[in-house]
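Listed below, chain by chain, are the residues.
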Amino acid sequence: MSIVTVQLGQCGNQIGHEVFNTICGDVHGTHGLCSKKENKSYHNACKERFFSEEDSEVPVARAVLVDMEPKVISQTLSTAARSGSWKYDDGSHFCQKQGSGNNWANGYSVHGPRHKEVIMNLVQKEAEKCDRLGGFFTIMSMAGGTGSGLGAFVTQCLRDAFPTSFILNHVIWPYGTGEVIVQNYNSVLTLSHLYQSSDALLAHENDVIHKICAQRMNIKQISFRDVNQVIAHQLGSVFQPTYTAEGGSHYSRNPLGDLMETLVPHPEFKMLGLRNIPQMPENSLAYSTFSWPGLIKHLRQMLIANAKMEEGIDWQVRPLRQGSSVPSSHSINKPLHFNASIANLVILRGKDVHSVDLGSFQDPSLYTCWLNPQDSFNAWKTPRAFNKYEKSTSLVSNSQFLLKPLDSVVGKAWNMFASKAYIHQYTKFGIEEEDFLDSFTTLEQVISSYTNL
């Protein structure tokens, strides 16, 4: 089954480009470390998922590019075409000249309805090229105006036009110190609207990725491209083909459906976080060796302690044993608060994956009590290595990973809203105070549900 990617705004288009680059680099790499037959079926599964073979020999990305300014899209199209290994379809992009001015309401209430028909025609055309459509993967930022506002509008249109298709929204959480003065308003409006129409939201925090670039990748002057490449690597580690059944002989045909089935058992809980290890500069790989028990031990503690990367994991945090009660004073700000999960998916890629012991992730004390422990954990595997790493593992988690950032964004936005700061910028495009209050209510409910796990 094929995935149609919808790249929205400057951030969405730049990350989308890096994702296709990463996938292509992985497929064409000679570092598969597996049999020719294995490599070929991996190659074919990836092609069907992300690319369509048109008349040219060069694979064409199954993507629609949307922005309200032309610059980023024209750069993205030409960089992809110059790579020679893949390209975008010449007719699958839409841009305007005026931008959204970092205003969610402008993207959602003005640009969305005005350009709905053209954008949805492009999506429809891309969907019709798929023999079997697996769903949509949208990429957007929450801080600006186009990715967030237009992104939320387009997601609603996708839900209306394709009611039975899966929709996964990938959202970029803004830097805490902020790029845009109204980014918390934009984020609250985006998240609350996506929660109504998306099947799941997969979030990356800019602050976290920045730290990975500095501390794990040893990059001195960190650019947006460095950040985007780390995000693309982590996304590729989830979406490249895997066997979803133990001893399966065919690569999964429905990655989005499998992801939702595994991780989203209830519509109230759809915030997914992602961790991927190891991550290091390419020139260090030759001098590094990894063992599966070591990687799994680190990944499990990253889950329990809500660690963002391998550096600085708190090894003191332990899961609560079943039946023990949590002191009522325990809040999400307590340092030793254990990160409770609804569902986890571990993805293993590389040598000897079938002998890896994942029993530590099946511990019932990691999970909420209202789900069967065997329904809460899944593992996907492939002996085919990913992106030059002999062994690598990713964790996609529906847990309290995003509770603190969500609480923080809502708190900051509420403080601004209480003093009516900048509200007039939104009301002039038709987003009223009641709309803000509805959004706060939606997200307060999400925060409450995740806090009570």
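Remember, it's a predicted structure, so these values are computed and weren't measured experimentally. (Residues numbered from 1 in each chain as written. Predicted model: local features only at pLDDT ≥ 70, side-chain atom pairs only at ≥ 80, totals over all residues. Heavy atoms only, no water.)

## Quick notes on the overall build of the protein chain
- Within the protein chain, the regular secondary structure consists of 14 helices and 13 strands.
- Here the C-alpha radius of gyration of the protein chain, 21 Å, is about what a compact globule of 453 residues would show, namely 22 Å.
- Here the C-alpha coordinates of the protein chain stretch approximately 65 × 60 × 45 Å along the principal axes.
- Sequence separation of 24 or more characterises 81% of the internal contacts of the protein chain that already satisfy a separation of 6 or more. (Helix = DSSP H or I, 4+ residues; strand = E, 2+ residues; numbered from the N terminus. Rg over C-alpha atoms; globule rule 2.2 N^0.38 Å. Contact = heavy atoms within 4.5 Å.)

## Things to note about the sheet that holds strand β5 (residues 87-88)
- Strand order in this open sheet of three strands is β2-β3-β5, and the pairing throughout is mixed. The outermost strands of the open sheet, each flanked by one partner alone, are β2 (51-52) and β5. (Pairing = 2+ DSSP bridges.)

## Focus on the packing of aromatic side chains
- On inspection of all chains with the given rule, the structure shows 22 aromatic pairs.
- Relative to F50, the ring of F20 lies with its centre 6.5 Å away and its plane at 85°, an arrangement referred to as edge-to-face. Taken together, the residues F20 in helix α1 (residues 9-28) and F50 in helix α2 (residues 36-50) connect sequence positions 30 residues apart.
- F20 gets classed as buried once you look at its relative accessible area, which sits at 1%.
- Relative to F436, the ring of Y185 has its centre 5.0 Å away and its plane inclined at 65°; by these criteria the two rings are edge-to-face. Linking Y185 in helix α6 (residues 183-197) with F436 in helix α14 (residues 433-451), this pair joins segments that are 251 residues apart in sequence.
- Exposure remark for F436: the relative accessible area of 1% places this residue in the buried category. (Phe/Tyr/Trp six-rings, centres within 6.5 Å; stacked < 30°, edge-to-face > 60°. Buried < 20%, exposed > 50% of the residue type's maximum accessible area, 1.4 Å probe, protein only.)

## Regarding the nonpolar core
- In terms of nonpolar packing, the biggest core is built from 134 residues, with F239 and F361 touching the most fellow members.
- Apart from residues lying up to four places away in sequence, F361 is in contact with I296, L299, R300, L303, V346, L366, Y367, F377 and L395.
- Core analysis: the next-biggest nonpolar cluster, separate from the first, contains five residues, Y42, A45, Y243 and F386 among them. (Core = buried A, V, L, I, M, F, W, Y, C linked by side-chain atoms within 4.5 Å.)

## With respect to the pairing of strand β1 (residues 2-8)
- Most of β1 is tucked away: seven of the seven residues are buried.
- What you see with β1 is no split at all: S2, V4, V6 and L8 on one side and I3, T5 and Q7 on the other are buried throughout.
- Across six bridges, β1 lies against strand β7 (residues 133-141) in parallel orientation. Bridged to V4 within β7 is F136.
- Here four bridges tie β1 to strand β4 (residues 63-67), and the two strands are oriented parallel to one another. Bridging from a neighbouring strand, Q7 pairs with L65 of β4.

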